[in-house]
Amino acid sequence: MALVDCANALLNDGICILPTETVYGLACSAFSAKAIRKVYQLKGRPSTNPLIVHVLDHSFAEEISVTNEYSRKLAKAFWPGPLTFILPKKKSIPDEITAGLNSVAIRSPSHPTFRKVLDQVQLPLAAPSANPSNKLSPTKFENVVAAFGKDCPPFIDGGQCDIGIESTVLNLTSTSPSILRLGPITKDAIEKVLGIQVGCERIILEQTGGTKARQSPGQGPKHYSPNTPLFLYSTMEQMLRSNAINEGDILILPCAKPPLFFPAKKIHQLYLSSTGHPKEITKNLFKILHDADKLKKKRIHVALFPLGDGLLSAVNDRLSRAATERF
Ligand code: AMP
Ligand code: MG
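I will try to describe carefully the structure that is included in this document. Everything numeric here is computed off the predicted structure, so don't read it as measured data. (Residues numbered from 1 in each chain as written. Chains lettered and ligands numbered in written order. Predicted model: local features only at pLDDT ≥ 70, side-chain atom pairs only at ≥ 80, totals over all residues. Heavy atoms only, no water.)

Right, let's get into the packing of helix α1 (residues 3-11) against helix α6 (residues 112-121). One way to put it is that α1 packs onto α6 with a least axis distance of 9 Å and a crossing angle of 55°. As the angle between them shows, α1 and α6 are arranged oblique. For α1 against α6, the interelement crossing comes out right-handed. Here Leu3, Val4, Cys6, Ala7, Leu10 and Leu11 of α1 come into contact with α6, specifically with Thr113, Lys116, Val117, Gln120 and Val121. Of the residues in the contact of α1 with α6, the class split is eight nonpolar, two polar and one charged. (Axes fitted to C-alpha atoms, helices over the stretch in contact; angles between N-to-C directions. Helix = DSSP H or I, 4+ residues; strand = E, 2+ residues; numbered from the N terminus. Parallel < 35°, antiparallel > 145°, perpendicular 65-115°, else oblique. Left-handed = near helix turned anticlockwise from the far one by under 90°. Contact = heavy atoms within 4.5 Å. Nonpolar A, V, L, I, M, F, W, Y, C, P; charged D, E, K, R; others polar.)

Below, the structure is given as structure tokens:
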């Protein structure tokens, strides 16, 4: 779809698929209750799970929300980029976007195509990930087409998304900011800019295996799931010792080195990266999970990454919520 057609559709209560630097988004005007309903319906998204609104910059955010010193500092440091703020909403934002909450989630994407569309329409655009609710996020437009089939809305192909996981969500509605969803912008990086400590609900989820009560809607323990059952191990050593790995299963590994051999068993091995670098692993996470699903095997096995790296904590968070069983 040409950019101009996409802009026209969005200006007329339409929806379309756009690339962002995080994952593909299912975009619509944030002011069109009609288009927002189409987005919820296509995704099968519960109406209790609010959407993120995308804007060109912080001055657009000021038009739809009550911004503050924290949002200004953080936008200066990280926008355009994968950091979403939760701020008190202004009246112009319909309740359909926020699931009736009086706060709204806002970010400014850096993907040039998405920015061109924002510039054309001069509207804030809601854009949740372009996947059926709770399924794997799409990082290539082929994933979107495969997921929605004949119902797939018009799209712009932007190749593989650079970052590969969803934005960090940061609650800025109180004087103590707290992270509601781990993502590409790490807790350390946010604290450095603000000069204060920030809370983090998601790290607790990761360490307790998803039993902690959630604060933000749509942040349930089960999310981002492949169709194939996913067995998640606390460490690589534990995974490699597991007797739950059977002939024909899939093993997802950080990289190809060192090579692993399973005598007398045919195990499919997929690699998240060629280098083991956290950015490459993050970029490929959903792509490899989609690839694993396509193989239609009985089980996927994967291990959590050791805690320490902020980006890999976000990868661990996605794996924790993709898991069918934990060891
Ligand atoms: P998605 O659009 O699928 O990437 O998900 C957006 C995430 O932002 C969801 O997990 C929502 O729970 C979260 N979110 C959106 N708006 C709000 C809000 N007003 N308060 C808290 N969380 C929000
Ligand atoms: Mg999503």
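A word on the packing of aromatic side chains. In the structure shown here, the tally under the stated rule is five aromatic pairs. Plain terms: the ring middles of Tyr224 and Phe286 are 5.8 Å apart, the flat faces sit at 40° to each other, and that makes the pair tilted. With a gap of 62 residues between them, Tyr224 in the loop between α9 (201-208) and β10 (230-233) and Phe286 in helix α11 (residues 278-294) connect regions that are remote in the sequence. Residue class for Tyr224 comes out buried when judged on its relative accessible area of 3%. (Phe/Tyr/Trp six-rings, centres within 6.5 Å; stacked < 30°, edge-to-face > 60°. Buried < 20%, exposed > 50% of the residue type's maximum accessible area, 1.4 Å probe, protein only.)

What follows covers the pairing of strand β11 (residues 250-255). Most of β11 is tucked away, with five of its six residues classed as buried. Across five bridges, the pairing between β11 and strand β12 (residues 268-273) is parallel. Bridging from a neighbouring strand, Ile250 pairs with His268 of β12. Pairing analysis gives three bridges linking β11 to strand β13 (residues 300-303), with the strands arranged parallel. Bridging from a neighbouring strand, Ile252 pairs with Val302 of β13. (Pairing = 2+ DSSP bridges.)

In terms of nonpolar packing, the biggest core is built from 83 residues, with Leu74, Leu83, Ile97, Ile190 and Ile252 touching the most fellow members. It is α11 that contributes the most residues to this core, six residues altogether. In this structure, Ile97 is in contact with Ala30, Ile36, Tyr40, Pro50, Leu51, Val53, Val104 and Ala126, ignoring residues within four places of it in sequence. Membership of the second largest hydrophobic core comes to 10 residues, among which are Ile245, Leu251, Leu253 and Ile267. (Core = buried A, V, L, I, M, F, W, Y, C linked by side-chain atoms within 4.5 Å.)

It is worth spelling out helix α8 (residues 187-194) at this point. If you check which residues of α8 are buried, you get Ile190, Glu191 and Leu194. Buried residues along α8 cover an arc of 100° about the axis, so they all sit on one side. In α8, the exposed positions angled more than 90 degrees off the buried face are occupied by Asp188 and Lys192. In this structure, the buried side of α8 is in contact with α4 (69-78), β4 (83-88), β7 (168-171) and β8 (178-181). (Arc of directions from axis to C-beta.)

Further remarks concern the pattern of salt bridges. In total, this model carries 13 salt bridges according to the counting rule given. Across the salt bridge formed by Glu96 and Arg37, the nearest N and O atoms sit 3.8 Å from each other. With Glu96 in helix α5 (residues 95-98) and Arg37 in helix α2 (residues 33-43), this residue pair connects regions lying 59 residues apart in the sequence. The class of Glu96 is partly exposed, set by a relative accessible area of 31%. The class for Arg37 is partly exposed, based on a relative accessible area of 49%. Salt-bridge contacts for Arg318 lead to Asp317; the nearest nitrogen and oxygen are separated by 2.8 Å. According to the relative accessible area criterion, Arg318 is buried, its value standing at 1%. For Asp317, a relative accessible area of 0% gives the class buried. (Salt bridge = Lys/Arg side-chain N within 4 Å of Asp/Glu carboxyl O.)

What follows concerns unusual backbone geometry. Residue Pro80 follows Trp79 across a cis peptide bond; omega there is -5°. Locating Pro80 in the fold gives a position in the loop between α4 and β4. Positive phi is not limited to glycine here, since Asp13 has a value of about 60°. On the secondary structure map, Asp13 appears in the loop between α1 and β1 (16-18). On the accessibility criterion, Asp13 (29% relative accessible area) is partly exposed.

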